[in-house]
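The primary structure of each chain is shown beneath.
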Amino acid sequence: MAKLGQYLSTRGTSFFQLDYAGTGDSQGELEDSTSQIWLQNVLDAGAWLSQQGAGQIILLGVRFGALLQLHFQPQLHEALNIQGQIVWKPITSGKTLSNQLLRLKHTNHVLNGGEKVDWREKIRQGEVVEVAGYPINESLLSSIEALSINPESPLLSSLDWLELGAKVLPPAVGKFQKGWPDARFNAVDVQTFWQIPDIYTEPALHAVHEKIIGRL
């Protein structure tokens, strides 16, 4: 992501990369965060960019960020002058994401000799449970599980949906293509950087985004 931003900046497109509260280099603790707080992070960043002279904004959401972006379309478009949206391999359901994370927690616990535990219930009872290295509490979990991408909700700006790491679009994308016939869906056969610890440059992504931005 940073490499893409650096490249686009040399081509005349300003690029701002946001770490949500409690993640990356941002302040705060993850267990004090919720999806509403992260939405406010985006709104605050957008307002600041407008104050710096940004005329129009293109949102780029990656995985969970794409879920947050498309779920909160009305709030984002009401507050910000959004020219278009780009999403990378979106997670389409917060509930599905939480199920996957808790299943991973259960598997690791059992492999280490532990007994069966209802981790979701423990979280709902007020415990903070570490899942995939992240401390998860009830307010964070419930806010994540409330998120979803609904193909029956109208798109409020141009959308480019990029399925990174794929040669063809997976069948699960079909309902979104049907719901949003004016959006552009493309498979982009590149490495999925969130699964690779090394920092690297992906020229194919540079070309794809230059084309999208040029069209907008």
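Residues numbered from 1 in each chain as written. Predicted model: local features only at pLDDT ≥ 70, side-chain atom pairs only at ≥ 80, totals over all residues. Heavy atoms only, no water.

**A few points about the sheet that holds strand 6 (residues 184–188)**
Here we have four strands laid out as an open sheet, ordered 1-2-5-6, and parallel in their pairing. Of all the strands in the sheet, the pair left with one neighbour each is strand 1 (57–62) and strand 6. For this sheet, the mean angle separating the axes of adjacent strands, direction not counted, is 15°. The pairing of strand 5 (residues 158–164) with strand 6 spans five bridges and is parallel. (Pairing = 2+ DSSP bridges. Helix = DSSP H or I, 4+ residues; strand = E, 2+ residues; numbered from the N terminus. Axes fitted to C-alpha atoms, helices over the stretch in contact; angles between N-to-C directions.)

**Considerations on the side chain of Ser35**
One can find Ser35 in helix 2 (residues 35–51). For Ser35, a relative accessible area of 3% translates into the label buried. The contact partners of Ser35, leaving out residues within four places of it in the chain, are Leu68, Phe72, Ser143 and Leu147. (Buried < 20%, exposed > 50% of the residue type's maximum accessible area, 1.4 Å probe, protein only. Contact = heavy atoms within 4.5 Å.)

**Some words on helix 9 (residues 203–215)**
If you check helix 9, its first and last C-alpha atoms are 19 Å apart, about what 13 residues at 1.5 Å a residue would give, namely 18 Å. All buried positions along helix 9 are accounted for by Leu205, His206, His209 and Ile212. Buried residues of helix 9, viewed axially, fall in a sector of 135°; they line one side. Counted as exposed and oriented over 90 degrees from the buried face of helix 9: Pro203, Lys211 and Gly214. In this structure, the buried residues of helix 9 make contact with helix 1 (2–10), strand 1, strand 2 (82–88), strand 5 and strand 6. (Expected span 1.5 Å × (residues − 1). Arc of directions from axis to C-beta.)

**Here's the deal with the side chain of Ser33**
Relative to the elements of secondary structure, Ser33 occurs in the loop between helix 1 and helix 2. Since its relative accessible area comes to 3%, Ser33 is described here as buried. A distance of 3.0 Å separates a polar side-chain atom of Ser33 from the backbone oxygen of Ala21. A distance of 3.4 Å separates the side chain of Ser33 from the backbone oxygen of Glu29, its partner in a polar contact. Not counting residues up to four positions away in its chain, the partners in contact with Ser33 are Ala21, Gly22, Trp38 and Leu140. (Polar contact = N/O pair within 3.5 Å; in protein donor to acceptor, adjacent residues only side chain to side chain.)

**Quick look at the pattern of salt bridges**
If charged atoms from side chains of opposite charge come close, those side chains can pair. One pass over the structure, following the stated rule, counts eight salt bridges. Glu145 is the partner of Arg124 in a salt bridge, and the nearest nitrogen-oxygen pair spans 4.0 Å. Note that Arg124 is positioned in helix 6 (residues 119–124) and Glu145 in helix 7 (residues 138–145), a separation of 21 residues in sequence. Among the residues examined, Glu145 registers a relative accessible area of 18% and is labelled buried. Lys167 is the salt-bridge partner of Asp189, the closest N and O atoms lying 2.7 Å from each other. Highlighted residues: Asp189 in the loop between strand 6 and helix 9 and Lys167 in the loop between strand 5 and helix 8 (174–179), separated in sequence by 22 residues. One connected set of salt bridges, linked through shared partners, spans Arg120, Arg124 and Glu145. (Salt bridge = Lys/Arg side-chain N within 4 Å of Asp/Glu carboxyl O.)

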